[in-house]
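Chain by chain, the residues:
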Amino acid sequence: MSEIFISYARPTERQARQIGDALRGLGYSVWRDDELPAHRAYSDVIEERIKSAKAVLVLWSADAAKSQWVRAEADAAREAGTLVQATVDGIIPPMPFNQIQCADLSNWAGDTTSQGWHKVESSIALLAGTAGSASRGDPSAGASGPATRKLSVCVLPFVNMSGDAEQEYFSDGISEDIITDLSKISALSVIARNTAFTFKGKVLDVKDVARQLAVSHVLEGSVRKAGARVRITAQLIDGKAGDHLWAERYDRDLTDIFAIQDEISKAIASALQLKLLPKEKKAIEDRGTDSAEAYNLYLMARQHWISGNDGDPRRDQVVERICRQATGLDPNYARAWALMALAQAQLEFRHSKIDKEGLASAERALALDPTLAEAHCVKATYLRENGEQQHANVEIELALKLNPESWEVNKEAGRHVFRQGRIADAVPYFEKAAALMDSDYNDTGLLISCYNALGDDAGRLRAARMTQERAEKAIAHDPSNGAALGYGASSLAVLGDADRAKEWIQRALLIDPENLTMRYNLACSLSTYLDDSDGALELLEVYFAKAAGGELSHAKVDPDMDRLREHPRFKEMTAAADIRTGAVVTKPALASPE
């Protein structure tokens, strides 16, 4: 039977044929549905082929994401542990497949040295063995692959054993940094942070994790931080046998945290018999700061940035305050300067705190480390707000090039493109941001608006379900999170639960009435999904009276406002807001002029 089954949507048949031919050229046996026999039922043959395949390569595209056949084939492969994913047009796979690593073969023209192809080939080798080995009867071929295949690892989120939930930022930060360190080893394939963190808090069988993600090894551990001491345990496990390949416990002063992380990464490389190149060793040892205290503060600030109440200036003030303390301890800590710049830009352009110095902080970060993509995003924000759109686009493109896997970068890129009225172009960035951070309800909420404007009902409902699930988790953690309540109300309205949506709106306004972003999102829900223009205008009265110019530029192009634009009251409010802020913003055309 075939080693590799290729699943795809009909409009991408050319790409499927090209990829299939490339795999056959490597010696694999490949099956596509162009080989369906005329005398048998389609579904029977498909089911048989998927069950017998050692690897199922799903080629995601906009059409594939809408195809029930492709989704069903992908789900069967996921359950069987044979799923390999690639995108052929840049789209993020739909839920739940967006939580699994996906290679990028968009614009692929047969280059077998490209990173995307290497990821596909490596994943298939893990499942089906070295190309051609099965067809030659090689007994080493199989799910584990041959001994010479590229090694791969999933770093599970380290468990917080501190007895204090507030210390979770530290254990998460350690986990993320180990993932980053191991990713610097060229001979090792590492599962992305967003995929690894989907297992957080779950009771796991390591062998099931390894099978599901098609990795050879799994790293798990725990962190206990108490005062000036830290205890970290870590164990590297063979994903097939379930045996411990290496384990260690580190019980030291907090000031040794960097040395512990270095030792863990190097010990894993040694256990896997990998030789670190000099530049890889140097990259792992580069922490950006020598101050353990500054590092701890940075992790604390970023946790507030990620999980705080979006739209509440107090979140941004906390982040700025903590980062200022971190940079006080180490003035050369570029990452802390960049995070502070993000918070300061929010305070200036969302909350009218004009005394903030986000641009100066971003430039300081870039002077220390020109590769910090997040700092380039801040520069783009200042350029855009200053009317220099073209230069802002250049900064965003540079940020994406420097770190395409950054949550902040994709989040900012999506908003940047959205505010130019390029709704369809914003979707891939919002999708990727949402996939990179599984607690992110802001970008899934914006996806609701985008898909609604584009007439994509399936996408809108999928985004609404994601938003609701994430908003409920955020509210369970912090019942006063107005931003989560606002987006949750929107998702409930989209999903058809109008009564509950209205309850959430009332609750949100009682809990966080000064949150302008929340008010705006609630108005979008009332106008677009609950057919209550009067209620929406009532909420927008306060919004337009106080919103900063940067926020007003979003409202000018937001399709969720379209039903209100011709209303006399809306026109009066927006005109008054333009006069108050000195803004002169026009809505760009969504289509090119004829």
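Residues numbered from 1 in each chain as written. Predicted model: local features only at pLDDT ≥ 70, side-chain atom pairs only at ≥ 80, totals over all residues. Heavy atoms only, no water.

Participant: Would you explain the overall build of the protein in this entry?
Facilitator: Regarding its fold elements, the protein presents 26 helices and 11 strands. The C-alpha atoms of the protein give a radius of gyration of 25 Å, which matches the 25 Å a tight globule of 594 residues would have. Structurally, the protein occupies a C-alpha span of about 75 × 65 × 45 Å along its principal axes. Sorting the 594 residues of the protein into buried and exposed places 56% on the buried side. Taking the contacts inside the protein whose residues are at least 6 apart along the sequence as the reference set, 63% of them involve residues at least 24 apart. Accessible surface for the protein amounts to roughly 25500 Å². Of this, 50% is attributable to carbon and sulfur atoms. (Helix = DSSP H or I, 4+ residues; strand = E, 2+ residues; numbered from the N terminus. Rg over C-alpha atoms; globule rule 2.2 N^0.38 Å. Buried < 20%, exposed > 50% of the residue type's maximum accessible area, 1.4 Å probe, protein only. Contact = heavy atoms within 4.5 Å. Areas by Shrake-Rupley, 256 points an atom, 1.4 Å probe, with all protein chains shown as cover.)

Participant: Would you take a moment to explain the sheet that holds strand 4 (residues 83-87) for this structure?
Facilitator: Note: strands within a sheet are paired through backbone hydrogen bonds, in either parallel or antiparallel orientation. The strand order 2-1-3-4-5 describes an open sheet built from 5 strands, whose pairing is parallel. Edge positions in the sheet fall to strand 2 (30-31) and strand 5 (103-104), since each has one partner strand and no second. Judged from the 5 bridges that link them, strand 3 (residues 55-60) and strand 4 form a sheet pairing that is parallel. Note that in strand 4 the partner of Val56 across the bridge is Leu83. Helix-sheet contacts for helix 4 (residues 68-80) involve strand 1 (4-7), strand 3 and strand 4, and the interaxial angle to strand 3 is about 145°. In the packing of helix 5 (residues 115-128) onto the sheet, contacts are made with strand 1, strand 3, strand 4 and strand 5, and the angle to strand 4 comes to roughly 170°. (Pairing = 2+ DSSP bridges. Axes fitted to C-alpha atoms, helices over the stretch in contact; angles between N-to-C directions.)

Participant: Is there a simple way to think about the environment of Arg32 in this case?
Facilitator: Here Arg32 lies in the loop between strand 2 and helix 2 (42-52). Each C-alpha atom, one on Arg32 and one on Glu13, is 9.6 Å from the other, the two residues being 19 residues apart in sequence. Discounting chain neighbours no more than four positions away, the residues touching Arg32 are Ile6, Tyr8, Glu13, Ala16 and Arg17.

Participant: In this structure, what is going on with the packing of helix 17 (residues 407-418) against helix 18 (residues 423-436)? I would like to understand it.
Facilitator: Two numbers describe a pair of packed helices, the interaxial angle and the distance between the axes. Following both chains from N to C, one finds helix 17 and helix 18 inclined at 160°, their axes separated by 8 Å at the closest point. In terms of orientation, helix 17 lies roughly antiparallel with respect to helix 18. The handedness of the crossing between helix 17 and helix 18 is left-handed. In contact with Trp407, Asn410, Lys411, Ala413, Gly414, Arg415, Val417 and Phe418 of helix 17, helix 18 contributes Ile423, Asp425, Ala426, Tyr429, Phe430, Lys432, Ala433 and Leu436. Of the residues contributing to the contact of helix 17 with helix 18, the split by class is 10 nonpolar, 2 polar and 4 charged. (Parallel < 35°, antiparallel > 145°, perpendicular 65-115°, else oblique. Left-handed = near helix turned anticlockwise from the far one by under 90°. Nonpolar A, V, L, I, M, F, W, Y, C, P; charged D, E, K, R; others polar.)

Participant: I keep staring at the nonpolar core and nothing clicks. Help me out?
Facilitator: Inside soluble globular proteins, nonpolar side chains tend to come together where they are buried. Counting residues in hydrophobic clusters, the biggest one holds 81 residues, and the most contacted among them are Phe170, Leu182, Leu188, Leu219, Ile232, Trp246 and Ile264. The element best represented in this core is helix 13 (residues 334-349), accounting for 11 residues. Counting residues in hydrophobic clusters, the runner-up holds 53 residues, among them Ile423, Leu447, Tyr543 and Phe570. (Core = buried A, V, L, I, M, F, W, Y, C linked by side-chain atoms within 4.5 Å.)

Participant: Can you walk me through the packing of helix 20 (residues 457-477) against helix 22 (residues 498-511) in this structure?
Facilitator: Helix 22 packs onto helix 20 with a crossing angle of 40° between their chain directions and a minimal axis gap of 15 Å. Classified by the angle between their axes, helix 20 and helix 22 sit oblique to one another. Note that helix 20 runs across helix 22; the crossing there is left-handed. Across the interface between the two elements, Gln468, Glu472 and Ile475 from helix 20 touch Arg500, Trp504 and Arg507 from helix 22.

Participant: How do you make sense of the pattern of salt bridges when you look at a structure like this?
Facilitator: Counted by the stated rule, this structure contains 42 salt bridges. A salt bridge links Asp312 to Arg314; its shortest N-O distance comes to 2.7 Å. Classification of Arg314 as exposed rests on a relative accessible area of 53%. Put simply, Glu538 and Arg569 hold a salt bridge, and the shortest N to O gap is 3.2 Å. One end of the pair, Glu538, is in helix 24 (residues 533-546); the other, Arg569, is in helix 26 (residues 568-581), with 31 residues separating them in the sequence. Put simply, Asp310, Arg315, Asp316, Arg350, Arg384, Glu385, Arg419 and Glu551 are held in one network by salt bridges that share partners. (Salt bridge = Lys/Arg side-chain N within 4 Å of Asp/Glu carboxyl O.)

Participant: How should I be thinking about the pairing of strand 11 (residues 244-253) in this particular structure?
Facilitator: Along any regular strand, the residues point their side chains to alternate faces of the sheet. Judged from the 9 bridges that link them, strand 10 (residues 229-238) and strand 11 form a sheet pairing that is antiparallel. Counterpart to Gln235 in the pairing with strand 11 is Ala247. Between strand 10 and strand 11, which pair antiparallel and follow one another directly, the connecting turn spans 5 residues, one of which, Gly242, has a positive phi of 80°.

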